[in-house]
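Examining the three-dimensional arrangement
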Amino acid sequence: GQNIDQPTEMTATEGAIVQINCTYQTSGFNGLFWYQQHAGEAPTFLSYNVLDGLEEKGRFSSFLSRSKGYSYLLLKELQMKDSASYLCAVISNDYKLSFGAGTTVTVRA
Amino acid sequence: IAGITQAPTSQILAAGRRMTLRCTQDMRHNAMYWYRQDLGLGLRLIHYSNTAGTTGKGEVPDGYSVSRANTDDFPLTLASAVPSQTSVYFCASSAEAGSGANVLTFGAGSRLTVL
C-alpha cells in the first residue's frame, strides 16, 4: 500500500510564508502532485514534480527529493484566499493517484 | 463550460436502499475515477476506468459498482447502502491513464448521508 504523510493543520499570518511538508513511501514513483481544496469545493491542481528540485509557479513553489521520499509546497506572500486544504498525492507504479489526508492552512489577518 | 458534472449534489438515503451517483464529463478524457473523501482519511479511490468499456477496482471498492458504457459517463452505484458509506464522493477524469503527468479534473462532489 501507499503511505503519504503530511501535517494536519498549519496557521500563518497574511503576507507570511508557509511550508507544507509531505513524506511518502509508495510502490514505485511516477510523480508527485499538490492540489488545493477550499472548504466544500473540489480539489484543483497546483503542481506536479517528477524530477528532483524546485518548481516555481508564481507565489507557490513545490520541491521534490526522490531519494528522501520528500516534497514540500511553499506558499509565499500569503493571502486570505489561500486558506484551504492542500493535498499531497503520489502516482505509483500502477499509475493510480494516492492522496495524503491533507493539510488545512488557516491564514490570519 | 467544459468540465465534470455530478448529480445529485446532496442526498439523504435510508440504509438498504440502492443509489446511483451520476458523473458526466465533456472533455473527451479517456480515464475516469471515483473517490470518496472522509475527514482525516483524505481521498480514497473506489473504482476507475482507463477507457470506455473497461473498469478496475481501487483501494476501497467493496459495496460499490461502476460501468463505463461510453467516454462521457461513469456512474457509481451503491447496491444496498450502509451508514459507513456516508461520505463526500468526487468523480474525476484525466486525459490518459498510464501517464505520470496525469492531472485530474474533479467534479464538485456529491454529499451522501446514509441513515
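In the block above lies the structure referred to throughout.
A short tour of the structure in this document, coming up. Here the structure is a predicted model, which means the values were calculated and not measured.

The subject of this paragraph is the sheet that holds strand S1 (residues 3-5) of chain A. Residues and elements named next belong to chain A. The sheet built from five strands is open, its strands ordered S1-S3-S8-S7-S6 with antiparallel pairing. Lying at the two open borders of the sheet, with one neighbouring strand each, are S1 and strand S6 (53-57). The sheet shows a mean angle of 15 degrees between the axes of neighbouring strands, taken without regard to direction.

All names here are of chain B. Taken together, the four strands give an open sheet; going across it, the order is S1-S3-S8-S7, and neighbouring strands pair in antiparallel fashion. The open sheet terminates on both sides in strands that have one partner only, identified here as strand S1 (4-7) and strand S7 (64-66). Averaged over all pairs of adjacent strands, the angle between strand axes in this sheet comes to 15 degrees, irrespective of strand direction. Direction of pairing for S1 relative to strand S3 (residues 19-25): antiparallel, over a ladder of four bridges. When the bridges of S3 are listed, Thr-5 appears paired with Thr-24.

Let us look at the state of the cysteines. Throughout the structure, instances matching the rule amount to two disulfides over all chains. The disulfide partner of Cys-22 of chain A is Cys-88 of chain A, and the S-S distance across this bridge is 2.0 Å. With the S-S dihedral at roughly -70 degrees, the linkage between Cys-22 of chain A and Cys-88 of chain A falls on the left-handed side. Of this pair, Cys-22 of chain A sits in strand S3 (residues 18-25) while Cys-88 of chain A is found in strand S9 (residues 84-91), placing the two residues 66 residues apart along the sequence. Here Cys-22 of chain A matches Cys-88 of chain A in class, with each residue buried. With a sulfur-sulfur separation of 1.9 Å, Cys-23 of chain B is cross-linked through a disulfide to Cys-91 of chain B. The disulfide joining Cys-23 of chain B to Cys-91 of chain B has a torsion of about -70 degrees about its S-S bond and is therefore left-handed. Of the two residues, Cys-23 of chain B is situated in strand S3 and Cys-91 of chain B in strand S9 (residues 87-94); the sequence distance between them amounts to 68 residues. Exposure class is identical for Cys-23 of chain B and Cys-91 of chain B. Each is buried.

The rules we used
- Residues numbered from 1 in each chain as written.
- Chains lettered and ligands numbered in written order.
- Predicted model: local features only at pLDDT ≥ 70, side-chain atom pairs only at ≥ 80, totals over all residues.
- Heavy atoms only, no water.
- Pairing = 2+ DSSP bridges.
- Helix = DSSP H or I, 4+ residues; strand = E, 2+ residues; numbered from the N terminus.
- Axes fitted to C-alpha atoms, helices over the stretch in contact; angles between N-to-C directions.
- Disulfide = S-S within 2.5 Å.
- Buried < 20%, exposed > 50% of the residue type's maximum accessible area, 1.4 Å probe, protein only.

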